[in-house]
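# Summary of structural features
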Amino acid sequence: MVERADTTGKRSVSEWTLRPEYTKRFIAATLLVVVLLTFSAQRTEIDRMMVMSGEALLSVTGITDESQVARGLGRIFGDMFPLVVAERREVGRIENFDPERLPWLGRLETEIQTLSQLNTNTLQMETIEVERQVLIEPLGYLRYVLWLMWQTIEIAIWGTILSVLIAIPLGYFGARNYAPFALLYHLSRTTSSFFRAMPELIIALFLVLAYGFGPIAGVLALGVHTSGFLGKFFAEDIENADKGPQEALLSTGANRVKVLIYTVLPQVAPSYTGYVQYILERNIRSATVLGIVGAGGIGQELKGRFEMFNFGHVSTILLVILLTVIVLEYIAGNLRKRMM
Amino acid sequence: MIQFEALTKQFADGTLAMHNINLEIPKGQFCVLLGPSGAGKSTLLRSLNGLVEPTSGRIIFAGRPITGRQDLLFMRRRVAMVHQSFNLVPRLTVLTNVLCGLLGRASLIKSLLGVFPREQKHNACRLIESVGLSEEHVYRKASGLSGGQQQRVGIARAFIGDPEVVLADEPVASLDPRISRDIMQLLRNASQARNATVLCSLHQVDLAREFADRIVAMKTGRVVFDGSPSDLTDEVLGEIYGDEQSGSRQAEGASTIKGMLGLGSNRLGEAA
Ligand SMILES: Nc1ncnc2c1ncn2[C@@H]1O[C@H](COP(=O)(O)OP(=O)(O)OP(=O)(O)O)[C@@H](O)[C@H]1O
Ligand SMILES: [Mg+2]
């Protein structure tokens, strides 16, 4: 390149100021972040995590043979297979048992159990053999888990319905142009963000105290939490709707509710459907977890089995959850495609 | 029918959109409002259905001073509006859009359910036919109509409630000249058939001359001309539009180029 003579009073190219790749501020900020992360790593035991994971890796490859992590995971995975799909129940414990009418695929087996018992005459321990009848349903447990999964989906559906019902007033009064007065607007918006901010697991925890174990707490927790999202989305769409048709109807003397139904609703209907569908999807995923705090559904069974170390049952439950979520994603994807 | 008494509107930012407007418009008159952009035509029209609240002065509608909420509702139920950008609800059918003109009177429950009496639906169909649409359009969504057709629906919506006054704010601004004339014709016929008063703002002087019984011209919020179309001489026009009119005529070529470059003001864009 030829350097041109300086005619305009500007500096020649060789004199142009060039900036360094890294500014001092950038370097200082990076150092600060590194120092903060180092402190926090100790508090969150990142160092220990790395050591333990390293040990586990080494023991898997056979270099060392002692690792707490590998042992724990190994034991769980060992117990997870085979999956338990059958249900065995002692006949004596089933109420109103009728041997003539066995459930589907059910069969009776006699098993001999050895018990240690104190003989009251000789005052010595002796083993005796007891015969008892058990009802075996080969797919009984799987059926139970599927039924629980369906209950979980029902919890999610009702949670979504409740959420929409709460979100309708939150959306209406949370729209600046529809709230009758400013206080109500602020109240709605604050309520929405409060509901959004409260994790549903924590809401459920409190509601279990109030309503007891079971689906009620789950439905309420999902409804309340997700209405915070829907309320906000509904309100924003109402605010952004085209003003022209609204003015046109308002000036015929129609009141706000009529104007909303005839001009705003047709406009926002497609996006509202999308929101509700998304909320339903996420509610089904959340509902599987909510049972862990006792709010009904499949999570409650999962937690129980986990605590009893019945990992064979656990893996059946996990498999059902996994398949359900995959099927739902598929259905939701298809629905979305058809709506567009 | 309508009296404006010293009507003044000052917007929150200080703009004086109407200044001491005194007008009396008799029943059945077709009155056209002319004036350059920003003159206050829309503001005047919108004050008649409560979309703009006057700062001072008052409107007397059918002998009733409009002061409170009840008066406003009284006026709104007798006034209909045709809008420049049609303002139909795109996703609703033509029939429902027309019936929307009755929402001011329909019961809340019925309108919540979206049910309209058979008779009203027949009325709507008759209007749809009279504005030049046919059966195939009845259940078509408004978004599936051309601009001219949409304005026809807009007119049908305005007339379904048997209004005593129809406000039309540049009803033909976004339509081509031939369709514009058709729409104006429609507006005049429909209002004559019902002896309805029309207040219509326009930018096309030729259309104003052709259709108006009376022309009122505004400039910077004031009435600067009020008379019959024959009184509207070129001299008066020059006064109304000031230098802008002749200037913009001379500079028509230039304004087109400006428009293409995205430099033209809204008004020049409309004139071009
Ligand atoms: N909501 C508002 N807030 C502030 N100023 C406004 C508002 N609406 C209109 N104005 C101002 O009031 C004046 C009159 O506006 P108006 O819309 O009545 O003019 P117009 O004669 O209808 O013009 P056009 O021919 O361009 O439609 C303008 O200066 C405009 O900027
Ligand atoms: Mg205007």
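Predicted, not measured: the structure shown is a model, and the values here were computed from it. (Residues numbered from 1 in each chain as written. Chains lettered and ligands numbered in written order. Predicted model: local features only at pLDDT ≥ 70, side-chain atom pairs only at ≥ 80, totals over all residues. Heavy atoms only, no water.)

### A short note on the interface of chain B and chain A
- With 27 residues of chain B in contact, the opposing surface of chain A contributes 19 residues.
- In terms of surface lost to chain A, no three residues of chain B exceed Arg76, Arg91 and Leu103 of chain B, which account for 25% of the buried area on that side.
- A salt bridge links arginine 46 of chain B to glutamate 247 of chain A, with the nearest nitrogen and oxygen atoms 2.9 Å apart.
- Breaking the side of chain B that touches chain A down by element, the ones donating at least two residues are α2 (69–76) and α4 (108–113) of chain B. (Contact = heavy atoms within 4.5 Å. Buried area = accessible area lost by both parts, 1.4 Å probe. Salt bridge = Lys/Arg side-chain N within 4 Å of Asp/Glu carboxyl O. Helix = DSSP H or I, 4+ residues; strand = E, 2+ residues; numbered from the N terminus.)

### Re the site of ligand 1
Residues and elements named next belong to chain B.
- Taken together, 14 residues lie near ligand 1, and Ser37, Gly38, Lys41, Ser42 and Thr43 sit nearest.
- Take lysine 41: an N or O atom from its side chain is 2.8 Å from an oxygen atom of ligand 1.
- A distance of 2.5 Å is found between an oxygen atom of ligand 1 and a side-chain nitrogen or oxygen belonging to threonine 43.
- Expressed as a share of its isolated accessible area of 630 Å², the protein-covered part of ligand 1 is 64%.
- For the shell around ligand 1, the leading source of residues is helix α1 (residues 41–47), giving 3 residues.
- In the shell around ligand 1, the residues fall into 4 nonpolar, 7 polar and 3 charged. (Near = heavy atom within 4 Å. Polar contact = N/O pair within 3.5 Å; in protein donor to acceptor, adjacent residues only side chain to side chain. Areas by Shrake-Rupley, 256 points an atom, 1.4 Å probe, with all protein chains shown as cover. Nonpolar A, V, L, I, M, F, W, Y, C, P; charged D, E, K, R; others polar.)

### Observations concerning unusual backbone geometry
- Although it is not a glycine, glutamate 45 of chain A adopts a positive phi angle of roughly 60 degrees.
- Along the chain, glutamate 45 of chain A turns up in the loop between α1 (24–43) and α2 (46–60).
- Phi is positive for asparagine 195 of chain B, which is not a glycine, with a value near 55 degrees.
- By the secondary structure assignment, asparagine 195 of chain B is in the loop between α7 (177–194) and β8 (197–201).

### What to know about the UniProt feature "domain: ABC transmembrane type-1" (unreviewed entry) in chain A
- Cross-referencing UniProt, the feature "domain: ABC transmembrane type-1" (unreviewed entry) maps to residues 149–332 of chain A in the present numbering.
- Secondary structure within residues 149–332 of chain A divides into 84% helix and 0% strand; the distance between the first and last C-alpha atoms comes to 18 Å. (UniProt positions renumbered as here; feature names shortened; annotations may be inferred.)

### Describing the pattern of salt bridges
All names here are of chain B.
- Counted under the stated rule, the structure contains 22 salt bridges over all chains.
- A salt bridge links arginine 64 to aspartate 71, with the shortest nitrogen-to-oxygen separation between them at 2.9 Å.
- Overall, arginine 64 belongs to the partly exposed group, its relative accessible area being 30%. (Buried < 20%, exposed > 50% of the residue type's maximum accessible area, 1.4 Å probe, protein only.)

### Some remarks on helix α5 (residues 182–197) of chain A
- Compared with the 22 Å implied by 1.5 Å per residue over 16 residues, the 22 Å span of α5 of chain A between its first and last C-alpha is a close match.
- Turning to α5 of chain A, the residues buried within the fold contact α4 (140–173) and α7 (215–240) of chain A. (Expected span 1.5 Å × (residues − 1).)

### A few points about a nonpolar patch on the surface
Residues and elements named next belong to chain A.
- On the surface, Leu73, Phe77, Phe81, Leu83, Leu319, Leu322, Leu323 and Ile326 cluster together into a nonpolar patch covering about 780 Å² of accessible area.
- When contributions to the nonpolar patch are tallied by element, the ones reaching two or more residues are α3 (68–80) and α11 (311–339).
- Among the elements that make up the nonpolar patch, the one with the highest residue count is α11 (4 residues).
- Take phenylalanine 81: it is sitting in the loop between α3 and β1 (87–90).
- Overall, the relative accessible area of 54% leaves phenylalanine 81 in the exposed class. (Patch = residues over 30% accessible without salt bridge, like charges linked within 9 Å, V, L, I, M, F, W, Y side chains within 5 Å.)

### Some words on the side chain of threonine 252 of chain A
- Note that threonine 252 of chain A resides in the loop between α8 (243–250) and α9 (256–290).
- Relative accessible area serves as the criterion here: at 14%, threonine 252 of chain A is assigned to the buried category.
- At 2.6 Å, the side chain of threonine 252 of chain A forms a polar contact with the backbone oxygen of leucine 249 of chain A.
- If we skip the residues at most four places from it in the chain, threonine 252 of chain A touches Arg76, Arg77, Cys100, Gly101 and Gly104 of chain B.

### Quick word on the packing of aromatic side chains
- Within the structure shown, the criterion is met by 12 aromatic pairs over all chains.
- Measuring from centroid to centroid gives 6.1 Å for tyrosine 262 of chain A and phenylalanine 116 of chain B, while their planes differ by 65 degrees, and the two rings are edge-to-face. One end of the pair, tyrosine 262 of chain A, is in helix α9; the other, phenylalanine 116 of chain B, is in the loop between α4 and α5 (118–130), on a second chain.
- Among the aromatic residues, ring-to-ring pairing joins Phe233, Phe234, Tyr272 and Tyr275 of chain A into one connected group.
- Above the ring of phenylalanine 74 of chain B, the side-chain terminus of arginine 64 of chain B is found at 4.2 Å from the ring centroid. (Phe/Tyr/Trp six-rings, centres within 6.5 Å; stacked < 30°, edge-to-face > 60°. Lys NZ or Arg CZ within 6 Å of the ring centre and 35° of its normal.)

### A short note on the environment of serine 116 of chain A
Residues and elements named next belong to chain A.
- For serine 116, the location among the structural elements is in strand β2 (residues 107–119).
- Serine 116 sits 10 residues away from glutamate 126 along the chain, and the two C-alpha atoms are 5.7 Å apart.
- Apart from residues lying up to four places away in sequence, serine 116 is in contact with Met125, Glu126 and Thr127.

### Quick word on the sheet that holds strand β5 (residues 64–65) of chain B
- On the basis of which strands lie adjacent, the open sheet formed by 4 strands has the order β2-β1-β4-β5 (chain B) and antiparallel pairing. Strands with a single pairing partner mark the edges of an open sheet, and in this sheet they are β2 (16–25) and β5 of chain B. (Pairing = 2+ DSSP bridges.)

### Comments concerning the sheet that holds strand β3 (residues 30–34) of chain B
Residues and elements named next belong to chain B.
- With mixed pairing, 6 strands are arranged side by side in an open sheet as β6-β7-β8-β3-β9-β10. With one partner strand each, in any of the chains shown, β6 (79–82) and β10 (222–227) form the two edges of the open sheet. Here the strands of the sheet are splayed against their neighbours by 20 degrees on average, with no regard to which way each runs.
- Inspection of the sheet shows β3 paired to strand β9 (residues 214–219) by 4 bridges, in the parallel sense. Pairing of leucine 33 across the sheet is with valine 216, part of β9.
- Most of the contacts of helix α6 (residues 147–159) go to β6, to which it runs at about 175 degrees, and overall it touches β6 and β7 (165–169).
- Strands in contact with α7 are β3, β6, β7 and β8; relative to β3, the strand with the most contacts, it is inclined by about 140 degrees. (Axes fitted to C-alpha atoms, helices over the stretch in contact; angles between N-to-C directions.)

### Comments concerning the side chain of serine 180 of chain B
All names here are of chain B.
- Within the secondary structure, serine 180 sits in helix α7.
- Residue classification places serine 180 among the buried residues on the basis of a relative accessible area of 2%.
- The contact partners of serine 180, leaving out residues within four places of it in the chain, are Val172, Leu175 and Leu207.

### Some remarks on the nonpolar core
- Judged by nonpolar contacts, the single largest core of 75 residues is most densely connected at Leu34, Leu187, Leu202 and Leu232 of chain B.
- With 8 residues, the single largest contributor to this core is α9 of chain A.
- Once residues within four sequence positions are removed from consideration, leucine 202 of chain B is found in contact with Val32, Leu33, Leu34, Lys41, Pro171, Val172, Met184, Leu207 and Ala208 of chain B.
- The next biggest cluster of nonpolar side chains, apart from the first, holds 31 residues, and it includes Ala156, Ile203, Val219 and Leu290 of chain A. (Core = buried A, V, L, I, M, F, W, Y, C linked by side-chain atoms within 4.5 Å.)

### Section: the pairing of β3 of chain B
All names here are of chain B.
- Within β3, 5 of the 5 residues are buried, leaving the element largely enclosed by the surrounding structure.
- Alternating positions in β3 separate into two faces, Phe30, Val32 and Leu34 on one and Cys31 and Leu33 on the other, with burial throughout.
- Examined bridge by bridge, β3 and β8 share 4 bridges and lie parallel to one another. Among the inter-strand pairings, valine 32 is bridged to a residue of β8, identified as cysteine 200.

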